[in-house]
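# A look at the structure
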Amino acid sequence: MAAENGEEKLLAVARHIARTLGHNDDTMADDILQIFSNFDGRFSREKLADDDPRPSAPLELSLKSLDRQISQYLASDRPIWADSADSSAFLDSIDELIATLRHWSPMAADKSINSCLVRADDLLQQAMFRLEDEFRSLMERGGESFELCESTGNFSFDSEDEDEETLDDQQIPVAQPLSDYDIIIDALPSVTINDLNEIAKRMVSAGFGKECSHVYSSCRREFLEESLSRLGLQKFSNEEVQKMPWQDVEEQIERWVKAVNVALRILFPSERRLCDRVFFGFSSAADLSFMEVCRGSCIQLLNFADAIAIGSRSPERLFRVLDVFETLKELMPNFETVFSDQYCLVLRDEALTIWKRLGEAIRGIFMELENLIRRDPAKAAVPGGGLHPITRYVMNYVRAACRSRQTLEQIFEKDSSSSLSVQMAWIMELLESNLEVKSKIYGDPALCSIFMMNNGRYIVQKVKDSELGSLLGDDWIRKHNAKVRQYHSNYQRSSWNKVLAVLKLDNSNSAPNGAAPPAARSMKDKLKSFNSLFDDICKTQSTWFIYDEQLREELRISLAKILLPTYGNFIAKLQNVPDVKHPEKLIKYGMEDVEAWINQLFQGTGALSGGRK
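Residues numbered from 1 in each chain as written. Predicted model: local features only at pLDDT ≥ 70, side-chain atom pairs only at ≥ 80, totals over all residues. Heavy atoms only, no water.

Moving on, we come to the confidence of the model for the protein chain. For the protein chain, the average pLDDT comes to 83, and 80% of its residues sit at 70 or higher. Overall, residues 147-177 carries pLDDT values under 50, and its contacts beyond four positions in sequence, including any with other chains, amount to 52 contacts. Per-residue pLDDT stays below 50 along residues 508-516; that stretch engages in 8 contacts with residues further than four places along the chain or on separate chains. (pLDDT = per-residue confidence, 0-100. Contact = heavy atoms within 4.5 Å.)

Right, let's get into the pattern of salt bridges. Applying the stated criterion across every chain, the model contains 30 salt bridges. With its nearest N and O atoms 3.0 Å apart, the salt bridge here joins arginine 272 to aspartate 341. Pair noted here: arginine 272 is in helix α10 (residues 246-278) and aspartate 341 is in the loop between α12 (318-338) and α13 (345-375), with a separation of 69 residues, a long-range link. Linking lysine 483 and glutamate 432 is a salt bridge whose minimum nitrogen-to-oxygen distance equals 2.8 Å. A residue pair is termed long-range when its members are at least 10 positions apart, and lysine 483 in helix α19 (residues 474-503) and glutamate 432 in helix α16 (residues 420-439) qualify at 51 residues. Given a relative accessible area of 29%, lysine 483 falls into the partly exposed group. A network of salt bridges, in which partner residues are shared, links Asp95, Glu198, Lys201 and Arg202. (Salt bridge = Lys/Arg side-chain N within 4 Å of Asp/Glu carboxyl O. Helix = DSSP H or I, 4+ residues; strand = E, 2+ residues; numbered from the N terminus. Buried < 20%, exposed > 50% of the residue type's maximum accessible area, 1.4 Å probe, protein only.)

Right, let's get into the environment of leucine 435. Position of leucine 435 among the secondary structure elements: in helix α16. Spatially, the C-alpha atoms of leucine 435 and isoleucine 373 are 9.7 Å apart, while their sequence positions differ by 62 residues.

Looking now at the environment of tryptophan 496. Mapping tryptophan 496 onto the fold places it in helix α19. You can call tryptophan 496 buried: its relative accessible area is 1%. Separated by 41 residues in sequence, tryptophan 496 and isoleucine 537 have C-alpha atoms that sit 8.6 Å apart. Contact partners of tryptophan 496, with chain neighbours within four places excluded, come to Tyr491, Phe534, Ile537, Gln541, Leu559, Leu563 and Leu601.

Okay, the side chain of arginine 348 next. Within the fold, arginine 348 resides in helix α13. Residues contacting arginine 348, with those up to four places away along its chain left out, are Phe335, Glu336, Phe339, Ser340 and Asp341.

This brings us to the side chain of serine 439. Residue position: serine 439 is located in helix α16. Leaving out residues up to four positions away in the same chain, serine 439 has contacts with Cys448, Phe451 and Met452.

Structure below.
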């Protein structure tokens, strides 16, 4: 009891000293109260004001001191965070103001207390505005010391467009193509990040979290946009992309692939890390700030991919559309990881939607390829029955496409009515049907067979030498090899059966007992017919062309096997007919001549040498 009386007497003395020394100077009184309060917790402002009967007296006393402390910083043009002592004192005052508001808010029903709370709210708002300015200033100053750190050391950005650089541009951190994405951007110094976190704590605690997030986002958003711009990425609307020449679109796709990889693997993760550090302890504020920072750049990247997805289905675009599809496919795990919070759900969903839309575009391109094959007209015949341009185009196209076999299989598996192997078999069937129609242009059945043999052989070879072989299967290859052999047989039958028939000997027409020599006359006539037919065929078919050397040689060997023995037998018989005088004068082509002429067929030159004139 005595102790309590002693404390009351001590407090009374302190109140008297404060009033006596500071009665003419509010500032001095506040200083004295602050000194007492710091000296001993029993001398708090509230206790020292207990002799004032008004309920709001302790609050007024506290507000008067806080107003004076905070206002001196609000009135200063000098950055508060230029001095660590000033920044600490300013934050302490704000902490005390927030604590005072929380303590007295439940008693706001009292008019005098409510009036003080209104003044306190106004002071807090002014302090938050100043904190906002200080936050922005720290962000801007910290960004000037930006650097990229890698395990091997510093990594600086540089512009691709050196000719466009100005002296001022050289001070701006920018990005260059990277081969290794194991890089962390220390966008702000650790000291600055700690200061920003201290400010964020007060602003969030005071109910100004959105304002803090907005300032943070606006500063970091500019950095991201500038980085993407220096990677060569430009902003285009869907309409602008659709009107752009395809060559320009291809160039933009190359830049986009680089930019989206840097963004998803380096820039966005680094921004996520920075947000988490600046807003440490406030996950919702960190998530919101990150979304606001990255949303614009992410949407810009996704909008370009979407413009590619909804663009023309021209077959020539397949490979670049595949580049975009595969890039997004590879980066989908990054989207899931980096944009994992609730605020970024819309970005994850949009990335997935556009990725699926690109798959639909690729299926549409294959449909357009089918239409292109169907519509390719049967106009002028290819000279010499050679390879048709549509055959080269389609086979090289599908071979190149199958380099992305795994991706294409994934795309076509989503369509239960088809698969990649079925799709390729259907394209082959369409191509063959188109070639059969084109072969009818040739009036000569033999040349028609040469045309189909050439194109059929080319198709089989392209299938065997690529992923198409495993997609279509061995049975398909065997079947189409058989077709080529059938075209070979058709050629021989339509071209050389007449020649073989002329050389066929009819023993029943032999002259009995050396009488009138019908056999001699018949053989002479047959030889003349052979000479004429052989000459015409060789001159004609020397202009025909078989592109594949092995096929050309196989065809020549097969002709020699059927023609040379028959012709040799005929010549031998002729030379043994008694009534045929000087048979060597009748023989225009010796065995070596026939073989030499056969070996000059299918070269497409039309030049022949050998044989007697």
